[in-house]
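Chain by chain, the residues run as shown.
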Amino acid sequence: MTGTVTKAATATNYMSWVTLALMTTSSVASLRAAPTMAVYGLACVFLYLLPALLFLLPTAFVAAELASGWAGGVYKWVGEGISQPMGFLAVWCQFAMTIFYYPSLLAYVASTFAYIINPALAANGLYVAIVIITIYWVAVYVSSQGTKTVAGLSSMGLIIGTLIPGALLVILGFVFLGQGNPSAAPMDFDHLFPAWTGLASLVLIVNNFLSYAGMEMNAVHVSSLKDPGKEYPKAMATAVGLVLVIFIVPAVIISWVVPSQNLSLTAGVMQAFDGFFNHFKIGFLTPVLGVMLVAAALGGMLTWLAGPSKGLLLIGRQEGYLPPILTRLNKHGVQQNMLVAQGVVTTLLALLYAFIPNVSSAYWILSVITTQVYLIMYVLMFIAAIRLRRDQPAHPRGYKAPALIALCGLGTVSSIAAFLIGFVPPSQYGSGNALGYVLLIGLGMGVVGLLIPYLFLRFRQPGWRTEIPEAAAA
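Residues numbered from 1 in each chain as written. Predicted model: local features only at pLDDT ≥ 70, side-chain atom pairs only at ≥ 80, totals over all residues. Heavy atoms only, no water.

Participant: In this structure, what is going on with the overall build of the protein? I would like to understand it.
Facilitator: Scanning the protein from terminus to terminus reveals 21 helices and zero strands. Relative to its 474 residues, the protein shows a buried fraction of 52%. On the protein, roughly 19,900 Å² of surface is accessible, and the fraction owed to carbon and sulfur atoms is 69%. (Helix = DSSP H or I, 4+ residues; strand = E, 2+ residues; numbered from the N terminus. Buried < 20%, exposed > 50% of the residue type's maximum accessible area, 1.4 Å probe, protein only. Areas by Shrake-Rupley, 256 points an atom, 1.4 Å probe, with all protein chains shown as cover.)

Participant: I keep staring at helix 19 (residues 404-421) and nothing clicks. Help me out?
Facilitator: Because an α-helix completes one turn every 3.6 residues, residues spaced three or four positions apart along the sequence face the same direction. Helix length check: helix 19, at 18 residues, gives a terminal C-alpha distance of 25 Å against a target of 26 Å (1.5 Å per residue), a fit within 8%. Within helix 19, the full set of buried residues consists of Leu404, Leu407, Cys408, Gly411, Thr412, Ser414, Ser415 and Ala418. (Expected span 1.5 Å × (residues − 1).)

Participant: Any chance you could explain the nonpolar core here in plain terms?
Facilitator: What tends to happen in soluble globular proteins is that the nonpolar side chains get buried as a cluster. Grouped together as the largest cluster of nonpolar side chains are 149 residues, with contacts concentrated most on Tyr48, Val62, Tyr212, Tyr232, Ile254 and Tyr353. Beyond its immediate stretch of four places on either side in the chain, Ile254 contacts Ala34, Pro35, Ala38, Leu169, Leu263, Gly268, Val269 and Ala272. (Core = buried A, V, L, I, M, F, W, Y, C linked by side-chain atoms within 4.5 Å. Contact = heavy atoms within 4.5 Å.)

Participant: Please explain the pattern of salt bridges as it appears in this structure.
Facilitator: Charged atoms that come close allow side chains of opposite charge to pair. Counted by the stated rule, this structure contains five salt bridges. Residues Glu65 and Arg389 are paired through a salt bridge, measuring 2.6 Å at the closest nitrogen-oxygen approach. In this pair, Glu65 sits in helix 4 (residues 44-69) while Arg389 sits in helix 18 (residues 359-391), placing the two residues 324 residues apart along the sequence. Residue classification places Glu65 among the buried positions, given a relative accessible area of 2%. Within this structure, Glu65, Arg389 and Arg397 form a network of salt bridges that share partners. (Salt bridge = Lys/Arg side-chain N within 4 Å of Asp/Glu carboxyl O.)

Participant: Hey, could you run me through the confidence of the model for the protein in this one?
Facilitator: Caution applies to low-pLDDT regions: their predicted coordinates should not be interpreted in detail. When pLDDT is averaged along the protein, the result is 82; 87% of the residues meet or exceed 70. Averaged over each element, pLDDT in the protein is lowest for helix 1 (residues 2-10) (45) and highest for helix 19 (92). In the model, residues 4-11 has pLDDT below 50 throughout and makes zero contacts with residues more than four positions away in sequence or in other chains. (pLDDT = per-residue confidence, 0-100.)

Participant: Would you explain the packing of helix 6 (residues 84-117) against helix 17 (residues 336-355) in this entry?
Facilitator: Contact geometry for helix 6 and helix 17: axes closest at 9 Å, N-to-C directions at 45 degrees. Compared by their axis directions, helix 6 and helix 17 come out oblique. Classified by chirality, the crossing of helix 17 by helix 6 is right-handed. Across from Phe95, Thr98, Ile99, Phe100, Tyr102, Pro103, Ser104 and Ala107 in helix 6, the residues of helix 17 making contact are Gln342, Val345, Thr346, Leu349 and Tyr353. Residue classes in the contact of helix 6 with helix 17 are distributed as nine nonpolar, four polar and no charged. (Axes fitted to C-alpha atoms, helices over the stretch in contact; angles between N-to-C directions. Parallel < 35°, antiparallel > 145°, perpendicular 65-115°, else oblique. Left-handed = near helix turned anticlockwise from the far one by under 90°. Nonpolar A, V, L, I, M, F, W, Y, C, P; charged D, E, K, R; others polar.)

Participant: How should unusual backbone geometry be read in this particular structure?
Facilitator: The phi torsion of most residues other than glycine is negative, and most of the peptide bonds are trans. Despite not being glycine, Lys281 shows a phi value in the positive range, around 60 degrees. Within the secondary structure layout, Lys281 lies in the loop between helix 13 (268-279) and helix 14 (285-304). Even without being a glycine, Ala403 presents a positive backbone phi close to 50 degrees. In this fold, Ala403 is placed in the loop between helix 18 and helix 19. Ala403 sits in the exposed class, given a relative accessible area of 55%.

Participant: Can you walk me through the environment of Leu50 in this structure?
Facilitator: Its location among the elements puts Leu50 in helix 4. It is 9.9 Å that separates the C-alpha atoms of Leu50 and Phe209, two residues lying 159 residues apart in sequence.

Participant: Can you walk me through the side chain of Ser111 in this structure?
Facilitator: Turning to its location among the elements, Ser111 is positioned in helix 6. With residues up to four places along the chain from it excluded, the contact list for Ser111 reads Ala122, Val128, Thr266 and Ala267.

Participant: What is the right way to read helix 13 from this model?
Facilitator: Given a rise of 1.5 Å per residue, twelve residues ought to cover 16 Å, and the 16 Å separating the end C-alpha atoms of helix 13 matches this to within 8%. Every buried residue belonging to helix 13 is among Gly268, Val269, Met270, Gln271, Ala272, Phe273, Phe276 and Phe277, and all of these are buried. In the segment just after helix 13, Lys281 is the residue with positive phi, at about 60 degrees.

Participant: Which parts of the structure should I look at to understand the environment of Tyr101?
Facilitator: Examined against the element boundaries, Tyr101 turns out to sit in helix 6. Residue class for Tyr101 comes out partly exposed when judged on its relative accessible area of 26%. Expressed as a C-alpha distance, the spacing of Tyr101 and Thr370, which sit 269 residues apart in the sequence, is 6.1 Å. The contact partners of Tyr101, leaving out residues within four places of it in the chain, are Arg32 and Thr370.

This is how it looks when you write it as structure tokens:
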């Protein structure tokens, strides 16, 4: 009897590959990026498939091998594969990308909320800036209190903010075309690929790299699979299929009802719903959908706000990379000072919406800088994976990626190419000042992604190492 109890207590609780596929889908897929690609109409299919093959698949399989062999995330992977300072740079980039991510996410929230009160506000930069600043600081206060009352919103985010609106969008779209209404974008095979008008015609593909980002976080669950070698590829294939459907189908349907020249990169989803609802004489549903999208986005933001900074906090304390004023915890065990510092930068970035005339241009700039910073981390991750396979071939791994060198090479080249293309102003960029655009992207990426971590490493002091409380390490 005792042996049976012991066996039951030590049994491993395995995760099914279907569960992992759905977890990956919920953390990667979103309707927020749909308007960006709807500008291209049917060509968005190509523009989503290409980065999926060049970036999503290499990232998923390489990260799975690293996660199954080295606990500790990207800092541990890059720290062992290259060096500890490079590991700090990688985890810093993973954190720093959120500094640009939250303003762009909240710009989407502001534009969506505008359709509840006054659609004209969606294009008002001052309104968008005020909403970003207000919501972010309220979120910082809530997170600093250590509350977990919003966790349920995030867990329901995939259903409330993605699946239900997405399914409704698909149904309305097909009914709309079925009634004989013409599509705002051509749907013939001649428009399956984007028209080539120079590099600017393909720049929007860079944003899709960020759409697929985050696979390295889900890869940590590979060790929870009963047979990783067989089940992980099935989970990733399913997740990739679901993610592509969620990304592509709504984007195509939005292009049916909203002409590309009228499409807002922040409010495009609501533009489509508003157009459909008005067409079918059910305009009263527009605010309802707006509330659903806003609630899902805010729930996810509040739940994740303190997450990325927590990893940086632990490394900053353990290795002494950050000054104690940033790693100090409040009475609730939350890194409040780090959140406040992040909030100051977020506030400055939010002012872009007030001073750049075109809200879509400001949104695009922040999205590109986010991608640029994150791509630095991915390049380091791919290099580290190659070196770990070469230098530590006998190190136990729960999963070995097939053709690792080729996957890392493909991922590295794709990431560098996307990084360089990101400096080319897209045809939809409204200001028309190409040099100003390049300088703004370069300055934002260089200062936040490279200069700040360099200064931390350059001036760090031995006294910056501090004990990690059990509450923070948990």
